Structures are given as C-alpha cells and as structure tokens.
Amino acid sequence: MSDWREIRERVRAFALGLPEAGEEFPWEESVIKVNKKVFVFLGVEEPTERWRPGFTVKLPESAGHALAVPGAERAGYNLGRAGWVWLPFTGDLPDPEVLFDWVEESYRAVAPKRLVKELDARVGGPAAD
C-alpha cells in the first residue's frame with residue numbers, strides 16, 4: 001500500500017470495528033474513542049504545515065518495536081512517557097496486520113475490562129504478541 005490515505009482509512013476502519021468504538025473530531029482532528037477515552041489519534045484528513053500524515057496509539061507492550069519504524073517517535077504533550085507512539089502513514093511501514101495489532105493493543109490499554117472480554121470472545125482470546 002503506497003497511498004497513505006488508504007492506510008489511514010484501513011486503520012480507521014479497523015479501530016471503528018472494535019467493541020463500542022466511535023469517532024469524534026475534537027480540535028478538528030479525528031480520534032477514535034472507547035468509553036470516552038481516546039485510543040487512536042488519526043489527525044486531520046489532509047496534511048498541513050503543522051500536521052504530517054500519521055497516527056498515535058498507546059503501546060504499553062510494543063512501544064519499543066513501534067519506535068523502530070522509520071520516522072516513528074514518542075508522542076508529544078508528555079504522552080510519550082505513558083507509552084504513546086506516533087507512527088507515520090508514509091514511508092516504510094510494517095504490514096497492515098502489525099498496525100492493526102498496535103491499534104488493538106491501544107484499545108486494550110484504555111477500554112473497560114468488559115469490552116476487552118467482549119473483544120476476546122470475538123477473536124478467540126487475547127491477541128498474540
């Protein structure tokens with residue numbers, strides 16, 4: 001997938017497919033939330049001088065792996081200290097399945113336990129690392 005817009009849409013669709021996930025637009029940017037908590041920051045739809053195409057997820061287990069992606073960095077606003085990682089939609093990205101695993105990890109980090117159990121029932125158990 002060379003078009004970053006396609007990658008962004010696939011990440012967005014995967015995130016919205018998780019139990020009780022919904023999209024909101026605070027700060028005129030797309031975020032995906034569960035139980036009023038953000039688990040994916042998607043940014044704006046078109047790049048600007050201040051925004052590069054990418055997404056931010058909370059990765060308590062996989063942050064080190066994600067930071068090995070060229071262009072990845074700890075999220076700003078002190079979110080990086082809590083395991084949030086910004087990943088570019090451009091450049092040399094891992095397979096989409098890896099991106100989906102990171103979105104799911106972020107979901108699991110912020111979702112209520114009852115929704116994580118619902119997700120486990122859907123997929124047949126916790127995601128393998």
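If you're wondering where the values come from, they're calculated on a predicted model, not measured in any experiment. (Residues numbered from 1 in each chain as written. Predicted model: local features only at pLDDT ≥ 70, side-chain atom pairs only at ≥ 80, totals over all residues. Heavy atoms only, no water.)

Novice: Got a sec to walk through the packing of helix α3 (residues 96–110) against helix α4 (residues 113–123)? Specific residues and values, please.
Specialist: For the pair α3 and α4, interaxial distance at closest approach is 9 Å and the crossing angle is 145 degrees. Between α3, through E104, Y107 and R108, and α4, the contact on the second element is made entirely by L115, V116, L119, D120 and V123. Within the contact of α3 with α4, the residues separate by chemical class into five nonpolar, no polar and three charged. (Axes fitted to C-alpha atoms, helices over the stretch in contact; angles between N-to-C directions. Helix = DSSP H or I, 4+ residues; strand = E, 2+ residues; numbered from the N terminus. Contact = heavy atoms within 4.5 Å. Nonpolar A, V, L, I, M, F, W, Y, C, P; charged D, E, K, R; others polar.)

Novice: Can you tell me about the pattern of salt bridges, naming the residues and giving the values?
Specialist: A full pass over the atoms with the stated rule returns eight salt bridges. In this structure, R114 engages E20 in a salt bridge whose closest nitrogen and oxygen atoms are separated by 3.1 Å. Of the two residues, R114 is situated in helix α4 and E20 in the loop between α1 (4–16) and β1 (21–24); the sequence distance between them amounts to 94 residues. A salt bridge links E24 to K33, with the nearest nitrogen and oxygen atoms 3.0 Å apart. The class for K33 is buried, based on a relative accessible area of 18%. Here the residues in one salt-bridge network are E9, R12 and E23, joined through shared partners. (Salt bridge = Lys/Arg side-chain N within 4 Å of Asp/Glu carboxyl O. Buried < 20%, exposed > 50% of the residue type's maximum accessible area, 1.4 Å probe, protein only.)

Novice: Please set out α1 residue by residue, giving values where relevant.
Specialist: Helix length check: α1 (13 residues) gives 18 Å between terminal C-alpha atoms against 18 Å at 1.5 Å per residue, within 8%. Taken together, the buried positions of α1 are occupied by W4, I7, R8, V11 and A15. End-on view of α1: buried residues confined to an arc of 100 degrees, all on one side of the axis. (Expected span 1.5 Å × (residues − 1). Arc of directions from axis to C-beta.)

Novice: I'd like to hear about the sheet that holds strand β2 (residues 30–34), residue by residue, with values.
Specialist: Pairing within the open sheet is antiparallel, and its six strands lie in the order β1-β2-β3-β4-β6-β5. Only two strands of the sheet have a single partner each, and these edge strands are β1 and β5 (73–74). Sheet topology note: the strand β4 (residues 54–58)/strand β6 (residues 84–88) ladder contains five bridges and is antiparallel. Residue pairing across strands places F55 opposite L87, the latter belonging to β6. Packed onto the sheet, α1 meets β1, β2, β3 (37–43) and β4 and runs at close to 165 degrees relative to β3. (Pairing = 2+ DSSP bridges.)

Novice: Can you tell me about the nonpolar core, naming the residues and giving the values?
Specialist: Core analysis: the largest hydrophobic core is formed by 34 residues, its most contacted members being V11, F39, V40, F55, L87 and V103. Contributions of two or more residues to this core are made by α1, β2, β3, β4, α2 (63–67), β6, α3 and α4. Residue contributions to this core peak at six residues, all from α3. Filtering out sequence-adjacent residues up to four positions away, F55 remains in contact with V11, V40, F41, L42, V85, W86, L87, F89, L99 and V103. (Core = buried A, V, L, I, M, F, W, Y, C linked by side-chain atoms within 4.5 Å.)

Novice: Summarise α4; cite the residues concerned and give the values.
Specialist: Every buried residue of α4 is listed here: L115, V116, L119 and D120. All buried residues of α4 fall inside an arc of 145 degrees around its axis, so they share one side. Across from the buried face of α4, at angles greater than 90 degrees, the exposed residues are R114, K117 and A121. Contacts made by the buried residues of α4 are with β2 and α3. At the exit of α4 stands G124, carrying a positive phi of roughly 85 degrees.

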